[in-house]
Each structure stands twice: as structure tokens, then as C-alpha cells.
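Tertiary structure, described
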Amino acid sequence: MKMPVVTLFLILANLAVLGLAVSQGGGLAGAFADGNPVVNKLLKVNQLVIQGEWYRLGGCIFLHLSLLHILMNMFVLWDLGRLAEAVW
């Protein structure tokens with residue numbers, strides 16, 4: 001079975017954004033708060049997207065509401081991503 005490169009990349013990207021949010025938000029609890037600079041920069045705000053901040057369309061997929069949310073998403077991504085890459 002081949003190494004699931006895309007799946008690993010997406011998991012690492014999610015963990016990198018979480019790590020950045022934790023470092024900027026004053027800990028794990030602050031990583032998911034509205035006042036976190038990383039959260040504020042990646043949130044999809046339609047008016048800001050219209051004004052040219054296109055990165056928000058893709059950046060928002062790396063934001064999560066809680067630790068349980070990101071853990072469950074990464075579990076499902078690992079489980080289904082490996083299968084999808086094996087078929088591809």
C-alpha cells in the first residue's frame with residue numbers, strides 16, 4: 001500500500017494551523033476563541049472575500065470549533081483518506 005501523501009499533508013496542515021492558533025491564543029482554550037488572531041484571519045467573512053481576501057475561502061477549512069472537533073475530523077480524514085488514495 002502506498003503512503004497516503006495527500007492525507008498526511010492535510011492532517012499536518014490542520015495540526016499546523018491548530019499549533020499556530022494555540023501559540024497566538026494563549027493556550028488550547030484560546031485556540032478556538034473568536035478573539036484569536038489566527039481564527040480572525042481565516043474565518044470566511046463574505047464581505048472580506050468580496051473585497052479580495054480570497055485565501056479565506058480555503059483557509060476556513062482548517063479551523064475547528066473544539067479539540068474534539070479536530071480530533072474527530074482527523075480520525076475520519078485518516079480513515080477515509082487512506083482508502084481514497086489507495087483507490088486513486
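Counting 13 residues, the largest nonpolar core has Val17, Val38, Leu42 and Leu63 as the members making the most contacts within it. Of all elements in the fold, only helix 1 (5–25), helix 2 (37–42) and helix 5 (67–87) reach the threshold of two or more residues within this core. Each residue touching Val17, except ones within four places of it in the same chain, is listed here: Val38, Leu42, Phe62 and Leu63.

Under the defined criterion, the tally for this structure stands at 2 salt bridges. Its salt-bridge partner being Arg56, residue Glu53 comes within 2.6 Å of it at the nearest N-O pair.

What follows covers helix 1. The terminal C-alpha atoms of helix 1 lie 30 Å apart, and with 21 residues this matches the ideal 30 Å at 1.5 Å per residue to within 8%. In this structure, the buried side of helix 1 is in contact with helix 2 and helix 5. Backbone geometry just downstream of helix 1 places Gly26 in the positive-phi region, at approximately 75°.

Let's shift gears to the side chain of Thr7. As for its position among the elements, Thr7 is in helix 1. When residues no more than four places from it in sequence are discounted, the contact partners of Thr7 are Leu77, Trp78, Gly81, Arg82 and Glu85.

What counts, and where the lines are drawn
Residues numbered from 1 in each chain as written. Predicted model: local features only at pLDDT ≥ 70, side-chain atom pairs only at ≥ 80, totals over all residues. Heavy atoms only, no water. Core = buried A, V, L, I, M, F, W, Y, C linked by side-chain atoms within 4.5 Å. Buried < 20%, exposed > 50% of the residue type's maximum accessible area, 1.4 Å probe, protein only. Helix = DSSP H or I, 4+ residues; strand = E, 2+ residues; numbered from the N terminus. Contact = heavy atoms within 4.5 Å. Salt bridge = Lys/Arg side-chain N within 4 Å of Asp/Glu carboxyl O. Expected span 1.5 Å × (residues − 1).

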